[in-house]
Amino acid sequence: MKIDFIKIHGIGNDFIITKDQLEPGDYSRGAKSICNRRFGVGADGFMAVEKSLKADVKMVYYNNDGSLANMCGNGLRSFSKYVFDNKEVKGRRFTVETLDGIKPVEITEVDPRGRAEKIKVEMGWYQLDFLSKILEVQGETLELGSLILGVPHGVIFEKRLSEERLKSLGPAVESHPLFSEGINVNFAKVLDGENVEIITWERGCGYTLGCGTGMTAVVVLGNLLGKLSRKVKAHSPGGTLEIEILEREKRITMEGPAETICEGTYELK
Ligand SMILES: N[C@@H](CCC[C@H](N)C(=O)O)C(=O)O
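Keep in mind that what you see is a predicted model, and the values were worked out from it rather than measured.

Side chains three or four residues apart in an α-helix point the same way, a direct result of the helix having 3.6 residues per turn. Taken together, the buried positions of helix α1 (residues 26-35) are occupied by Tyr27, Gly30, Ala31, Ser33, Ile34 and Cys35. Looking at the buried residues of α1, the elements they touch are β1 (2-10), β2 (13-18), β3 (45-50), β4 (57-63) and β18 (259-267).

A word on the domain arrangement of the chain. Domain annotation of the chain identifies domain 1 (2-122 + 257-267) and domain 2 (127-249). Taking only C-alpha atoms into account, the centre of domain 1 sits 23 Å from that of domain 2. Contacts between the two partners involve 18 residues from domain 1 and, on the opposite side, 20 residues from domain 2. In total, about 1,200 Å² of surface goes out of reach between domain 1 and domain 2, with carbon and sulfur atoms giving 51% of it. Interface area lost by domain 1 to domain 2 is led by Ile11, Asn63 and Met71, which between them contribute 36%. Across the salt bridge formed by Lys118 and Glu242, the nearest N and O atoms sit 3.2 Å from each other. Of all the elements, helix α2 (residues 73-85) adds the most residues to the side of domain 1 that touches domain 2, at three residues.

What follows covers the environment of Val218. Tracing the backbone shows Val218 in helix α4 (residues 212-224). In this structure Val218 comes out as buried when scored by relative accessible area, which is 0%. Along the primary structure Val218 and Ile11 are separated by 207 residues, whereas in three dimensions their C-alpha atoms are 16 Å apart. Residues contacting Val218, with those up to four places away along its chain left out, are Val155, Phe157, Asn186, Ala188, Val196, Ile198 and Leu228.

Reading guide: rules and limits
Residues numbered from 1 in each chain as written. Predicted model: local features only at pLDDT ≥ 70, side-chain atom pairs only at ≥ 80, totals over all residues. Heavy atoms only, no water. Buried < 20%, exposed > 50% of the residue type's maximum accessible area, 1.4 Å probe, protein only. Helix = DSSP H or I, 4+ residues; strand = E, 2+ residues; numbered from the N terminus. Contact = heavy atoms within 4.5 Å. Domains from an automatic or database assignment. Buried area = accessible area lost by both parts, 1.4 Å probe. Salt bridge = Lys/Arg side-chain N within 4 Å of Asp/Glu carboxyl O.

Printed below as a string of C-alpha cells:
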C-alpha cells in the first residue's frame, strides 16, 4: 500500500505524518517500517491525522518501534504545523484531540507565506509519581524523580551531561522493574533558574535530539525541587523550548518551532 506523507521536525525530534487511512492493525507495523532510518524514510515517530468528534482534529502517535504513546510534545507542535499549513483547521487557534485529552494550540509565528513557524501548545497538568528515589543501575547510583505528563518521565539532575552515559544508562532505566510501562529518561543540568540543558533517552525510540514532554517534565520537577523558576528556557541538542508553569490555573504551556523537512509517497512494507 502506498501512503502520502510529510516529514516535520520540532527541535530535531522528527516525525512522519500521514492523512491517509490505514487498516487499524497497520499503524504500528507502518510506523516501524516508515520510521526505519536505513530501510524507510527515517523518523522518531509516526502520526496519523484523524477526524475528531470532540476537537478540531485528532492526532494519533506511534514511536518508531511501533508502540502507541498517549502524547508527544514536539509531535503535537509538528502535527499542528501540518494541519495549519494544509488548512485542515481554521484560524491560528484550534484544538487537537490526543490520547492524553484535548490540547489547545496557538500558532504564534508564521513565515511570509503564512506557514506556521512557532507554535504554543497546552501540555495539560502533571501527575507526580515521586520527587526522588535512589536507583542502582549498572553499578551506578542515580537519584531520579518521576512524573507523568501524558507519558511517564524520569528526571535525573547532574552536574555534567554526557551523551555516552545517557546512551549506556538510558535503556536500563527505561526498562527498570520500578516502571511497569517503561519510562522516558531525561538527564538535566541546571544552568541558572531560567535555563536548563537536557538530554533524553526516549521510551520506544532511544536517543533523540529533544523531547517536548521530557523537557516539560524537567522544568516541573526542577521547579518542585526549587532549582528552576516557573518560566524556563529548556535547551536540548536540537533546539530550545520555552516552558511556563501556570500554577494557579493548573496548566503548562510549551512554545517552540516546527519545520518541514520533505514530503513524498512511501510504499508501506
Ligand atoms: N518525543 C516525544 C515523546 C514521545 C513519546 C515517548 N517516546 C513515549 O513513548 O513515552 C515528545 O516530544 O514529547
